[in-house]
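Secondary and tertiary structure notes
If you want the building blocks of each chain, they are given just below.
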Amino acid sequence: PPLGPTADDHATIKRQRTTMSGGAAGDAPIKVCITGAAGQIGYALAPRIARGDMFGATRRVVLHLLDIAPAADALQGVVMELQDMAAPLVAGIVATTDVKEAFTDIDYCIMVGAFPRREGMERADLLKKNCSIFKEQGAALQAHAKKSVKVLVVGNPANTNCAVAMKAAPELPATAFSCLTRLDHNRACAQVALRLSVPVATVRNVIVWGNHSSTQYPDVNHAEVVGADGAKQTVRAAVNDDAWLDGDFLKTVQKRGAAIIAARKLSSAMSAANAIVDHVRDWALGTPDGVHVSMGVASDGSYGIAPGIVYSYPVTCAGDGTYKIVQGLDINDASRKLMDATEEELRGEVKLAESFL
């Protein structure tokens, strides 16, 4: 089963709202840019968008594919494969190494491309490389994208790269920017489902707080499992093993990316592309009633987190391109400590990034 509601599951929500991204086949196509489009994640993501998984089975798209000049040949290969899909929802493809061309009049920008961490590279060096990339691309978004553009940063360090791009585009609202923590959210749902031997779609309302790093806090204190009869049970009650939830569960989710690299010798691509689809689909089409998801968004001070950083929160999405941070959740002392630790890491990253700008 899917990790969450599918695009078709949102059809009723969609019909009930007038949205910039919704509508029938006769509406103007949505222009979606993928940066780093010739890479592993871009290769897995583009066909998912082309077949309607992100915006629904009737909504046409124009794919803007951006990559660096050394990847131009590989990018053309991606274009050829997209053409060979004969996907009826693809109204056009723009493949380019020029940022202005890629960002012109786009509705969504999925920023996958980033400078990769290489062996022996310090985190400060990685931040410095990516600060220049995301500063340039943030400014380009402001200059060339639609003012209603929605931006999802995937390239790591995703939270701070997002903060840099957001700062470089002061004319765009901070709420137009987000970073990907849905992969961590999905991983947490999957681990609970595996533990309980239940369909993963029955596990909902987990929360990933903070940074997309090993300091993230996957929180199940507000999560529930929905039975076949519709009855709900808290995850803690269903699992009935606090030692596992507060120990191995956290470590497994926090270190899942490293485990996949150790197994595949490559970073997550298929699951990352799926999480991108989930993130943008919910942002564009809305979350079901009673369900929240995890998104890295600009902190507004909620739950005592300092403004100025991009922090993963539980959010609901209205289906009109807006989101709201879920308020009023009880935070126990153990959770507070873990939330503060990941905030501290993010504040340090932002301070370091600012020294490069």
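Quick caveat, the model's predicted, so the values are computed rather than measured.

**What to know about the sheet that holds strand β2 (residues 61-66)**
Spatially, the 9 strands line up as an open sheet ordered β3-β2-β1-β4-β5-β6-β12-β13-β14, and their pairing is mixed. Unpaired on one side and paired on the other, β3 (90-96) and β14 (323-325) mark the two borders of the sheet. Taken over all neighbouring pairs, the strand axes of this sheet differ in orientation by 30 degrees on average, direction set aside. Inspection of the sheet shows strand β5 (residues 150-153) paired to strand β6 (residues 177-179) by 3 bridges, in the parallel sense. Note that in β6 the partner of L152 across the bridge is S178. Here helix α12 (residues 270-285) sits on the sheet and contacts β4 (108-111), β5, β6, β12 (293-298), β13 (310-317) and β14; the angle it forms with β5, its principal contact strand, is near 155 degrees.

**Looking at the side chain of H64**
Summarising the element assignment, H64 is placed in strand β2. Side-chain polar atoms of H64 contact the backbone oxygen of A102, separated by 2.9 Å.

**Points about the packing of helix α2 (residues 40-50) against α12**
Remark: α2 packs on α12, axes separated minimally by 8 Å, with the N-to-C direction vectors making an angle of 45 degrees. As judged from the angle between their axes, α2 and α12 are oblique. Read as a crossing pair, α2 and α12 show a hand that is right-handed. Residues I41, A44, L45 and R48 of α2 form the contact with α12, whose own contacting residues are M270, A272, A273, N274, I276 and V277. Tallied by class, the residues present in the contact of α2 with α12 amount to 8 nonpolar, 1 polar and 1 charged.

**Things to note about the nonpolar core**
Counting 38 residues, the largest nonpolar core has F249 and Y313 as its most contacted members. Core analysis: the next-biggest nonpolar cluster, separate from the first, contains 35 residues, L75, A269, V280 and L285 among them.

**Considering the confidence of the model for the chain**
Across the chain, pLDDT averages 92, with 92% of residues at or above 70. Low pLDDT, under 50, characterises residues 9-25; the stretch is placed with 38 contacts to residues that sit more than four places away or in other chains.

**Comments concerning the pairing of β2**
Within β2, 6 of the 6 residues are buried, which leaves it mostly tucked inside the rest of the structure. Because side chains alternate across β2, one face comprises the buried residues V61, L63 and L65, and the other comprises V62, H64 and L66, equally buried. Here strand β1 (residues 30-35) runs beside β2; their pairing, made up of 6 bridges, is parallel. Considered in β2, the bridge of K31 is made with V62. For the crossover that starts at β1, traverses α2 and ends in the parallel β2, the hand is right-handed. Here β2 pairs with β3 via 6 bridges, running parallel.

**Focus on unusual backbone geometry**
Between N156 and the following residue, P157, the backbone shows a cis peptide bond with an omega angle of -5 degrees. Take P157: it is sitting in the loop between β5 and α6 (158-167). Here S197, not a glycine, exhibits a phi torsion of approximately 55 degrees, which is positive. Tracing the chain through its elements places S197 in the loop between α7 (182-196) and β7 (203-204). Assessed through its relative accessible area of 67%, S197 is described here as exposed.

**A closer look at the packing of aromatic side chains**
Scanning all chains against the criterion turns up 6 aromatic pairs. Centroid distance W244 to F249: 5.4 Å. Interplanar angle 50 degrees. Geometry classified as tilted. Side by side, W244 and F249 carry an identical accessibility label, which is buried. On the basis of an interplanar angle of 40 degrees and a centroid distance of 6.5 Å, the ring pair of Y303 and Y313 is categorised as tilted. Taken together, the residues span a long stretch of sequence, with Y303 in the loop between β12 and β13 and Y313 in strand β13 at a distance of 10 residues. Here the aromatic cluster, defined as three or more aromatic residues joined through ring pairs, consists of W209, Y303, Y311 and Y313.

**Thoughts on helix α13 (residues 333-356)**
Between its first and last C-alpha, α13 extends 35 Å over 24 residues, near the 34 Å set by a 1.5 Å rise per residue. For α13, the full list of buried residues reads S335, M339, T342, E343, L346, E349, V350 and A353. Where the residues of α13 are buried, they touch α5 (123-144), α6, β8 (207-209), β9 (217-219) and β13. Among the residues of α13, the N-terminal cap falls to N332, whose side-chain oxygen and the backbone nitrogen of A334 are separated by 3.3 Å.

Reading the values: rules and limits
- Residues numbered from 1 in each chain as written.
- Predicted model: local features only at pLDDT ≥ 70, side-chain atom pairs only at ≥ 80, totals over all residues.
- Heavy atoms only, no water.
- Pairing = 2+ DSSP bridges.
- Helix = DSSP H or I, 4+ residues; strand = E, 2+ residues; numbered from the N terminus.
- Axes fitted to C-alpha atoms, helices over the stretch in contact; angles between N-to-C directions.
- Contact = heavy atoms within 4.5 Å.
- Polar contact = N/O pair within 3.5 Å; in protein donor to acceptor, adjacent residues only side chain to side chain.
- Parallel < 35°, antiparallel > 145°, perpendicular 65-115°, else oblique.
- Left-handed = near helix turned anticlockwise from the far one by under 90°.
- Nonpolar A, V, L, I, M, F, W, Y, C, P; charged D, E, K, R; others polar.
- Core = buried A, V, L, I, M, F, W, Y, C linked by side-chain atoms within 4.5 Å.
- Buried < 20%, exposed > 50% of the residue type's maximum accessible area, 1.4 Å probe, protein only.
- pLDDT = per-residue confidence, 0-100.
- Right-handed = clockwise from strand over helix to strand, strands pointing away.
- Phe/Tyr/Trp six-rings, centres within 6.5 Å; stacked < 30°, edge-to-face > 60°.
- Expected span 1.5 Å × (residues − 1).

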